[in-house]
Amino acid sequence: MAASELYTKYARVWIPDAEDVWKSAELTKDYKQKDTALHLQLEDGTTLQYKLDPKTKNLPHLRNPDILVGENDLTALSYLHEPAVLHNLKVRFIDSKLIYTYCGIVLVAINPYETLPIYGSDIINAYSGQNMGDMDPHIFAVAEEAYKQMARDERNQSIIVSGESGAGKTVSAKYAMRYFATVSGSASEANVEEKVLASNPIMEAIGNAKTTRNDNSSRFGKYIEIGFDKRYHITGANMRTYLLEKSRVVFQADEERNYHIFYQLCGSANLPEFKDLKLVRADDFHYTNQGRNLVIDGVEDAQEMLTTRNAFCLLGINESYQMGLFKVLAAILHLGNVEVKDRDSDSSSIPPNNKHLTVFCDLMGVTYQDMSHWLCHKKLKTATETYIKPVPKLQAINARDALAKHIYAKLFTWIVDHVNKALHSMVKQHSFIGVLDIYGFETFEINSFEQFCINYANEKLQQQFNMHVFKLEQEEYMKEQIPWTLIDFYDNQPCINLIEAKMGVLDLLDEECKMPKGSDESWAQKLYNTHLKKCALFEKPRMSNKAFIIQHFADKVEYQCEGFLEKNKDTVNEEQIHVLKASKFDLLVELFQDDEKASSPTGPPPGGRTRLSVKPDKSRGGQSSKEHKKTVGLQFRNSLQLLMETLNATTPHYVRCIKPNDFKFPFTFDPKRAVQQLRACGVLETIRISAAGFPSRWTYQEFFSRYRVLMKQKDVLTDKKLTCKNVLERLVQDPDKYQFGKTKIFFRAGQVAYLEKLRADKLRAACIRIQKTIRCWLARKKYLRMKNAAITIQRHVRGYQARCLAKFLRRTRAAIIIQKCQRMYVARELYRRRRAAALALQRLLRAYMARQQYQALLREHKAVIIQKWVRGWLARQWFKRSLAAIVYLQCCVRRMRAKRELKKLKIEARSVEHFKKLNIGMENKIMQLQRKVDEQNKDNKCMSERLSGLESTYAIEGERLRSELARLRGFEEEAKSNASRVASLLEELVRLRKELEATQSEKKIIEDWADKYRNEMEAMVAELKEQNNLLKSEKNNLNRLIQEQDQVMTDKMQKALAEQTKELENDLNEERTRYQNLLMEHLRLEERYDDLKEEITLTVTVPKPGHRRTDSTHSSNESECTYNSEVAESEESSRGREDVTKAPLDMSLFLKLQKRVTELEQEKQSLQNELDRKDEQFQRARARDEEEHKKARGAELEYESLKRQELESENKKLKHDLNQIRQSMSGSAGASSAAPGSPAYKVLLDQLNSSNEELEVRKEEVLILRSQLVSQKEARHHKDTMTEPMPYTEELKNMKDAEEITQAYLTLKETNRLLESQMQSQRRSHDNEVEALRGELQSLKEENNRQQQLLAQNLQLPPEARIEASLQHEITRLTNENLDMNADDPSKYRESRLLVLRRMIDLMEQLEKQDKTVRKLKKQLKVFAKKIGELEVGGQVENISPGQTVDEPIRPVNIPRKEKDFQGMLEYKKDDELKLVKNLILDLKPRGVAVNMIPGLPAYILFMCLRHADYLNDDQKVRTLLTSSINSIKKILKKRGDDFETVSFWLSNTCRFLHCLKQYSGEEAFTKYNTNKQNEHCLNNFDLAEYRQVLSDLAIQIYQQLIKCMESILQPMIVSGMLEHETIQGVSGVKPTGLRKRTSSIADEGTYTLDSILRQLNSFHSTMCQHGTDPELIKQVVRQQFYIIGAVTLNNLLLRKDMCSWSKGMQIRYNVSQLEEWLRDKNLMNCGAKETLEPLIQAAQLLQVKKKTDEDAEAICSMCHALTTSQIVKVLNLYTPVNEFEERVSVTFIRTIQTRLRDRKESPQLLMDTKLIYPVTFPFNPSSLALETILLPGSLNLGFLTRV
């Protein structure tokens, strides 16, 4: 492809510019090969000729198409060069407000100097689990990629964050660590992630400072390893630091500060715990005031100190250690203020008692003399002697500063070590992710040793970066099987060799440091001699002999040699160190202890620390000296080598931070500074490596989709790969410009732009053709319309003119007549109005004049009255004030005289003679004085009252008089205290008189002012009267306005009412949400508690004493399927405790037995009486010939009842005896192997239980068969003897409905089948035990005969004697047997006891059977009562011939089925409760089983069982059934909570169970929906309102589980189906992508589409409908589903720039319309689901509307009411044209939107909360299903339940 094809007219290029680095221009003329210049036009319209280099003929860089500008990945640009990169970053940063951009494997982060809302937990959740290319560039995406690769590849990772000071390295590293702490959590109980984050404020306090470039610049490098366990939870962390800038401790440049911790200390100096530190302001310390700018805007140092201290506490550094650290830091500050004075030219001294040195020594615990001495002296050692030499002032100050730097470095190292200890975890580390926050390439006007080390480190990192990029490129080519050609890239190994190789810069520096008289100048000469003219990267400045230049990878840097040797040596006076080591301060000693002891034996040695090990032990002096000789450069080189080894062993991820400007202006881009950093950080090198190969890479499917327009129909083949090859060979002639890989096509730089140009030309030509055709068609249609319109208009106009003429003639004649009448009427009306107006004016004028005259007279009269009263009041006030003043003066004068007299009296009283005189009659005088005192007190009281009155009069005076009065009172008080001030008081009185006169004059002035005010008021009244007319004229307007305002206020009130109602609804929903969130948290804690309990059960096995009896049919599966409720366990444990604590058999047992037997007798007697009464009624209704038979039957029943009564009492007694025997046997459990709990005993009990169950089954079968035989016999007897038909024959004939007969027959058939299968299974299972059972039955018969004999004897006795005799007989028999057996043989005794036990258990089983018989008799009584009623009614019915009943076949099984009247209850045994829960809840599979059942059948079955427990009034059974059911549902949900069908099934059944409890509760609010039959089934004995609340809470928990399950299924589909998949093919073309590939939007075989989402929604809906979920609940679920879809789609749209385009908006709207169509199909449009999609709909509309003018901005603001301002601005910033025909959104338009929306009150949150769950409600939904019609399917295995 020749250059002439690209450099054509209108092509845009980049040309160099001095200010903007690169400037865009457009060619105005095609370029030809022989041209020496390009004709260009700049963007401002100026034209120029760009001359080409005649030698190279290099053309300027071409500019990328506009659709490629602003790409997320710089490698996606077709032209990869410096101006394209710079322009792309600028557009993203300035126009789109995007600070992150990919550049291949590098994340470029530009510091915005502004807080952005893109780091919240919602953003973290959005990036968690996403591929790196699927979202917009972000630091979280890099962190997620590192975390994912660590888990997938099981390889350690590193994130290398670099950049110059102020670029945002520390913040980026901090956010990366926050991401790891949020998404991974900690593996231990301690919150490790909080500790990791807490280390940041500590390290910032001691290692960060304010510089001219950054307010929080890190002055050290750090590498933090965050450890993870095998489950990839954070276990701990470790930190390594590099090259702390110690010189900042003693020196700061202008506008810079020392480390933050010093200013935090000074800002907290007023705290009581810091008083001993003697701290003052930071301005007063030399080490903190050199920068002359001590405050950082927006930062409060005292508050930051609290944060630092809290972080110390969180990391386990206690208060004592903290105070020790603060002491050391305060001592450093005081050390900086120690003044050193010259003694002479060669010596110096510190004045004695220097306060700062004193404080330093007190804080550090050292002696003042030693420290002051060694600060001004040094020790020189020779081979034979030691000299102490004084040092001059400058050296002493340097030694002081060196000591301060050394102490701070030791303190820094100590803190880092303790932070590492706090972050260390006992959990084994499986892998780690390292975060390297290190300084970037630096070059200043003066570069010294620090910049040299920094740039050396960046050379090493750049080399590692280049090799990694080269390796990735090679791997990509090899994977795609592209021929690998060696790519030339910059290798900086020569520069590294220049620095670190033998005879390199560092080697020569260390060698010079060893020389006795080494200096910077001699070192510079060695450098010149060694490397100058020998190494191309080393140069010497022209004008200096103390500097050298090194050509780094980024730029040339000139280093000043001055200070290199001193900084490399980092020497400190050893004697000063010895003084500090001798300190009494433990922490200081710990800081300076030996390195071997200070460092952790397992932790890595901290790198980059300048250590100075001074050991006082003379035996190790050699080692100390050797350690001292270890230079800073050597230490840094070793630590850097260790760092490089660590990085090479990990997978690196690169973050390059860019500083956009030097003035910290937000979102301001300086191209010069940016391009300088891009060159320095290696981004351009990455671009160059990528551009050297094939930077643009497309999959075949993406290429086909994008460039389908360039293909002809014949070119399109079934094989898309072959199609792409053919098209490319035709479009691009040079085969070297592209390569075909396995899955991708690789293009050289610029080829994609060429293809885009061809595509744009093709589309432009197609558009022109379409426009031409459309315009022709429109013009033709317009011409035809105009022609037809003209003809039609002419026809209508002519007819109209004719009609108008006729109309005009008629109107002219009529007008003349009307005018005549009208003029007459007008003249008459005018005269009348004028006459009426004249009369009205006269009347009004005369009335007005009369009122004015009256008002004038009235005012004059009232003015006279007012003057009279005012003058009188003023006179009285003047008199009162004068009187008060006179009285006050009199008081003062009298007081003064009294004091004088008192003074005289006191003088006289001192004399002895006077004292003697006074003693005469002292008592009388005292009494007189007492009276005088009382009188004076009264006078004082009167005076005080008078003074209070005067004060009240003074209160009406002005403020000035009050102030003067206060002064007078002050003078009065002074007069009382000092009598000598009377003269001054008199003067004050004179002054007061003058002021009184002035006040009087002021009064006169005020009176004059009042007169003037009165005149003005009169004038004002006149003006007001004039204005009154105007106000009257405005009255109507005001009334109209008031009415309008009334209407407006009404509308506002209605609107406010609606808003208030909405707020109340929102509050209710919020309250429900909070409550349901609490339920969710409670469920989580409950599950956690269950898990912990299970873990404890598995780890700690505690044997339980005693024996638990279990059902033999499922005892083997008890551990897996049987569920014991908590209530049952507690009751069983309480029973166990009772069994243990009960005493042996005593006399109290007889009394209890007697009382219980008496109660049973009374109950049975009442039942017998009722039975007799019902039997008599039945006998009267029967025929005479049946009467004798029924009497015999009644006698038989009476006999059986009596026998049953006695047997029941006997069995009850035996049951208690059995319990006593068990207790006695358990008491002697340790004495015999056959005791309860032993294996033999358990075997016997199991056999006994199985035999009893078999016996019970056989007896039930015998009873059933007997009842059927009796029924058949009675029926046959009645057929032969009776002439009237039986009621059951009438019922049978009345069954005319075929469906009812069929249902009865099927039910009977099912019952017969179940009975038959049950009998066969029981027969097969018990054939082996028949012989044993026969023997036992024989023994039982014998025992029964004996008991009957005993019963016959007892029947002759009274009831009380009968019971006592039977009890006495049985106890005597048992006692005798026990004594005999025990006396004969103990083993036989035990066997006999077992036989007795077996016999008693059999009797207990018989008793249970008798209870069951009683219940059946009760049911028969009801049946008999019903039959009696039918017979009474049937007597009035006509007789039916006997022949109809003779031939009627009799079905013995159907008869009892029809006679039963089911009451909607299910009976079960207490022991079958666990089986019920197991079969109905735990083992029930919704899939398959639930399909064949009626919806909610498990809920109905549970409620019918609950009704039977309520019918029996058994509160324990009700409680255990409800508790077991609830806990079982929770258990199955915990086990299978991720299965949507299971959760939906139990949500439906739980809600149905809740509705049943409400429907049959008996409350009127619920029963009004029931039928009469349903109301008969209401609960009678228990109020289950509390359990309804428990079930409601359980339903809420299941609903939330359902939403989570549904969300987990939908989440992977939403983004692919709603955003990425092209539902409308061809609307949105695929844009070129870079190295970070996104998921293809073409529907491949594993990708989700919109149809996948709709199919899943259909599956959810059909499953819920099949399970019988309430319609209202389905609506709430669908609403939540659509909210999740809308929220996830919108969040991804806001985080993906490539999705914000016009065509994507069309796709989204189409997808939303399909969802709405789905809602309409399901009749769910009113469920609120559509409203949840409103934000997404408005976002799609925002992508499609015009975005240019102010009218467009107004339309957007009114349209996007569901979007927040930040979301609208984000979408506008991200809007990216896919084709050249679209335009970007201007910055001005976005600012206009922000201005219009700034008054909105909304949340600043950018993303929607995808975890939000709407509060759920369960509206009451009664069931119309009758409980008595419910049948139990055989598949549920609930044969033990009996319908009642």
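Worth saying up front: this structure is predicted, and the values here are computed from it rather than measured. (Residues numbered from 1 in each chain as written. Predicted model: local features only at pLDDT ≥ 70, side-chain atom pairs only at ≥ 80, totals over all residues. Heavy atoms only, no water.)

S.K.: Give me the packing of aromatic side chains: which residues, what numbers.
M.R.: Taken as a whole and judged by the stated rule, the model has 38 aromatic pairs. A ring pair is formed by tyrosine 259 and tyrosine 408, whose centres lie 5.2 Å apart and whose planes are at 10 degrees; its orientation type is stacked. Here tyrosine 408 lies in helix α12 (residues 393–423) and tyrosine 259 lies in the loop between β12 (234–242) and α7 (260–267), a separation of 149 residues in the sequence. Ring centres of phenylalanine 452 and phenylalanine 564 lie 6.0 Å apart, and the angle between their planes is 65 degrees; on these two criteria the pair is classed as edge-to-face. Of this pair, phenylalanine 452 sits in helix α13 (residues 449–479) while phenylalanine 564 sits in helix α17 (residues 564–569), and the two are 112 residues apart along the sequence. The two residues phenylalanine 452 and phenylalanine 564 agree in class, both being buried. Following the ring pairs from residue to residue traces out a cluster consisting of Phe449, Phe452, Trp523, Tyr528, Phe538, Phe548, Tyr559 and Phe564. For the cation-ring pair, lysine 97 lies above phenylalanine 667, with the distance from its terminal atom to the ring centre recorded as 4.5 Å. The ring of tyrosine 1775 carries lysine 1747 above its face, with NZ or CZ at 4.3 Å from the centroid. (Phe/Tyr/Trp six-rings, centres within 6.5 Å; stacked < 30°, edge-to-face > 60°. Helix = DSSP H or I, 4+ residues; strand = E, 2+ residues; numbered from the N terminus. Buried < 20%, exposed > 50% of the residue type's maximum accessible area, 1.4 Å probe, protein only. Lys NZ or Arg CZ within 6 Å of the ring centre and 35° of its normal.)

S.K.: With reference to specific residues and values, describe a nonpolar patch on the surface.
M.R.: On the surface, a cluster of nonpolar side chains totalling about 420 Å² of accessible area is made up of Ile770, Ile774, Trp777 and Leu778. Tracing the backbone through its elements, the reader meets isoleucine 774 in helix α27 (residues 751–910). Isoleucine 774 sits in the partly exposed class, given a relative accessible area of 43%. (Patch = residues over 30% accessible without salt bridge, like charges linked within 9 Å, V, L, I, M, F, W, Y side chains within 5 Å. Areas by Shrake-Rupley, 256 points an atom, 1.4 Å probe, with all protein chains shown as cover. Salt bridge = Lys/Arg side-chain N within 4 Å of Asp/Glu carboxyl O.)

S.K.: Summarise the pattern of salt bridges; cite the residues concerned and give the values.
M.R.: Throughout the structure, instances matching the rule amount to 45 salt bridges. Between aspartate 1539 and arginine 1536 there is a salt bridge; the shortest N-O distance is 3.2 Å. When salt bridges with common partners are traced through the structure, they connect Glu164, Lys659, Asp662 and Arg673 into a single cluster.

S.K.: Please give an account of the side chain of serine 268 that cites residues and values.
M.R.: Following the sequence through the fold, serine 268 ends up in the loop between α7 and α8 (301–314). Take serine 268: its relative accessible area is 3%, and that puts it in the buried class. Discounting chain neighbours no more than four positions away, the residues touching serine 268 are Phe274, Ala302 and Met305. (Contact = heavy atoms within 4.5 Å.)

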